[in-house]
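Chain by chain, the residues run as shown.
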Amino acid sequence: MSMRVLLADDDLALRRVVQFKLKQKGYEVTAVANAEEALFELKRGRFDLLLSDMKMPGLSGLELLEMVKKSQPDIEVILMTAYAAVSQAVQAVKLGAFDYLTKPFEDEQLFVTIEKAVKFRSLEQENKRLKEQLKAERSSRPMVGVSKPFRELVALVEKIAPTDATVLLTGESGTGKELIAREIHRLSARSGGPFVAVNCAAIPKDLLESELFGHVKGAFTGAVKDKRGKFELAAGGTLLLDEISELNVELQAKLLRAIQERVIDPVGSEQHTEIDVRLIASTNVNLKERVSGGTFREDLFYRLNVIPIEVPALRRRQEDILILARSFARQFAGGQELPFAADLADRLVKYDWPGNIRELENLIERMVILRHSDTLTVDDLPRDFAVDSPARPSTSDVPIAGHLTFHEAEKKLVLEALARFAWNKSRAADYLKIPRHVLIYRMKKYGLSGSGPELD
């Protein structure tokens, strides 16, 4: 992708000459006659470098520099003037200019200055990318596993990542959809660009449009300056729209237009802004049902569903549970390997994990912090862990007859515990190693009441 240069100078002859020479060097150049036209072009599209004259009719180059750096701090700015002064140079640098050229200048001087600015910008972007990558690695759950569903998922991600196709990630909460989106970005040609994630459910609905598409100064109360939205911030990279089902119908229409026409309209602006992003959407609800119910646009669903990827629940990845658990334990123990007792490993593998990988990660963090020794055992589990899980060991002195269903066995276990302690719910709950409110829920579920004294 060639570097985009915006050239602003009221001298038509110089403007044409500089534009021609920069194009010969391979730059993509847009030339305008004043600062107002420059601001118009900056709202329409993305530029890497602004080359501006210092003195122009209307806004000066310094005023343009100040406005640009507030709205687009990543763009590099080089100012040109025929009236060089140390005070102006100092002021320009303070306002964020990369360099300062005095007219007339030699071609070589112009090219060298621009190349330095381009290299500096590239280094800044790489530094930012590495920081974001480090942050993501520290905050993301590890993408590890050996199970068949996991291997199939990885193979699909590796196949579609190099393309620019829109991806729709589906799956239960906590399965790692954002991690998959980051992996798609990492393996794509856009990996050098930003990865921007937006949780559509976490942003107030009246602010979501501005958050996604940006706004101009004065667009609404509190809009004291122009603001770029997530689509612009993700330029050259990947934008993840998490919980896409939470978009209202009006925003769905605007998102559809952005996908189809590759342009957005910032709130309060009459000008279109071109966008260059790869879009990934994710949801934990059935969007087809939302379409049938009339709360999600069918045309938008098909635009998003180009590459559908279902992220499997952890209960479908039993071979991965201990691999993930050990990885989390190592992470939370500062790199120390913590062995898992056999009975603990058995409990973890047999548990249903309704909260998926997020639940496993939180559990292991808690266990590592509160552990009794450097070997993790069932004693390190929270008391309320897996009260509904088949892995919960039944008490040896409360026999259960064979060939019962799970619910029949659970009812028998609760009933016999209550009978053992004369229907004292607190003692029966303690005996079953479950919270008292869970026992009461089970009693109501199976209609176990009034059969003995209600002692507490």
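As a starting point, this report considers the structure included with it. (Residues numbered from 1 in each chain as written. Predicted model: local features only at pLDDT ≥ 70, side-chain atom pairs only at ≥ 80, totals over all residues. Heavy atoms only, no water.)

Some thoughts on the sheet that holds strand E4 (residues 76–81)
Argument step 1. Strands sit in the order E2-E1-E3-E4-E5 across an open sheet of five strands; the sheet is parallel. Two strands close off the open sheet at either side, each with one partner strand: strand E2 (28–32) and strand E5 (99–102). The average angle at which neighbouring strand axes cross in this sheet is 20°, direction not considered.
Argument step 2. One ladder, built from five bridges, connects strand E3 (residues 49–53) with E4; its direction is parallel. Along E4, the bridge assignment pairs Leu49 with Glu76.
Argument step 3. Of the strands in this sheet, strand E1 (4–8), E2 and E3 touch helix H1 (residues 12–24), which is tilted by about 170° from E2. (Pairing = 2+ DSSP bridges. Helix = DSSP H or I, 4+ residues; strand = E, 2+ residues; numbered from the N terminus. Axes fitted to C-alpha atoms, helices over the stretch in contact; angles between N-to-C directions. Contact = heavy atoms within 4.5 Å.)

A look at the pairing of E3
Consecutive side chains along a regular strand alternate between the two faces of the sheet.
Argument step 1. Among the five residues in E3, five count as buried, and that is most of the element.
Argument step 2. Side-chain alternation along E3 places Leu49, Leu51 and Asp53 on one buried face and Leu50 and Ser52 on a second face that is also buried.
Argument step 3. Note: E1 against E3, four bridges, orientation parallel. Pairing of Val5 across the sheet is with Leu49, part of E3.
Argument step 4. Each parallel crossover has a hand, and for E3 linked through helix H3 (residues 61–71) to E4 it is right-handed. (Buried < 20%, exposed > 50% of the residue type's maximum accessible area, 1.4 Å probe, protein only. Right-handed = clockwise from strand over helix to strand, strands pointing away.)

Things to note about empty space enclosed by the protein
Argument step 1. Inspection of every chain in the model, using the stated rule, returns three cavities of 30 Å³ or more.
Argument step 2. Taken as a whole, the largest cavity spans an internal volume of roughly 70 Å³.
Argument step 3. Lining the largest cavity are 13 residues; nearest its centre among them are Phe150, Thr175, Leu179, Arg317 and Ile357.
Argument step 4. For the lining of the largest cavity, the elements supplying multiple residues, two or more each, are helix H6 (148–160) and helix H7 (177–186).
Argument step 5. Counted by class, the lining of the largest cavity contains ten nonpolar, two polar and one charged residues. (1 Å grid on protein atoms, 1.4 Å probe; cavity = no way out; pocket = protein on both sides within 12 Å on 5 of 7 lines; lining within 4 Å. Points joined across faces, edges and corners; volume = space filled by probe spheres on them. Nonpolar A, V, L, I, M, F, W, Y, C, P; charged D, E, K, R; others polar.)

A closer look at the sheet that holds strand E11 (residues 278–283)
Backbone hydrogen bonds are what pair the strands of a sheet, in a parallel or an antiparallel way.
Argument step 1. Across the sheet, which stays open at both edges, the five strands sit in the order E7-E8-E11-E6-E12 with parallel pairing between neighbours. The open sheet is flanked by strand E7 (195–199) and strand E12 (307–310), the only strands paired with a single partner. Geometrically, the sheet is characterised by an average inter-axis angle of 20° between neighbouring strands, direction not taken into account.
Argument step 2. By the bridge criterion, five bridges tie E7 to strand E8 (residues 238–242) in an arrangement that is parallel. Along E8, the bridge assignment pairs Phe195 with Thr238.

Thoughts on helix H15 (residues 356–370)
Argument step 1. Spanning 15 residues, H15 covers 22 Å between terminal C-alpha atoms, matching the ideal 21 Å at 1.5 Å per step.
Argument step 2. Among the residues making up H15, those that are buried are Asn356, Ile357, Leu360, Glu361, Leu363, Ile364, Met367 and Val368. Buried residues along H15 cover an arc of 165° about the axis, so they all sit on one side. Counted as exposed and oriented over 90 degrees from the buried face of H15: Ile369 and Leu370. (Expected span 1.5 Å × (residues − 1). Arc of directions from axis to C-beta.)

Focus on the pattern of salt bridges
Argument step 1. Tallying each qualifying case throughout the model produces 26 salt bridges.
Argument step 2. For Arg182, the salt bridge is made with Glu178, and the minimal N-O distance between the two is 3.2 Å. Placement of both Arg182 and Glu178 in helix H7 is noted, with a separation of four residues, approximately one turn of the helix.
Argument step 3. Among the salt bridges present, the one from Arg186 reaches Glu183, with a minimum N-O distance of 2.7 Å. A residue pair is termed a helical-turn pair when its members lie 3 or 4 positions apart in one helix, as Arg186 and Glu183 do in helix H7 at three residues.
Argument step 4. Linked by salt bridges that have partners in common, Asp9, Asp53 and Lys103 make up one network. (Salt bridge = Lys/Arg side-chain N within 4 Å of Asp/Glu carboxyl O.)

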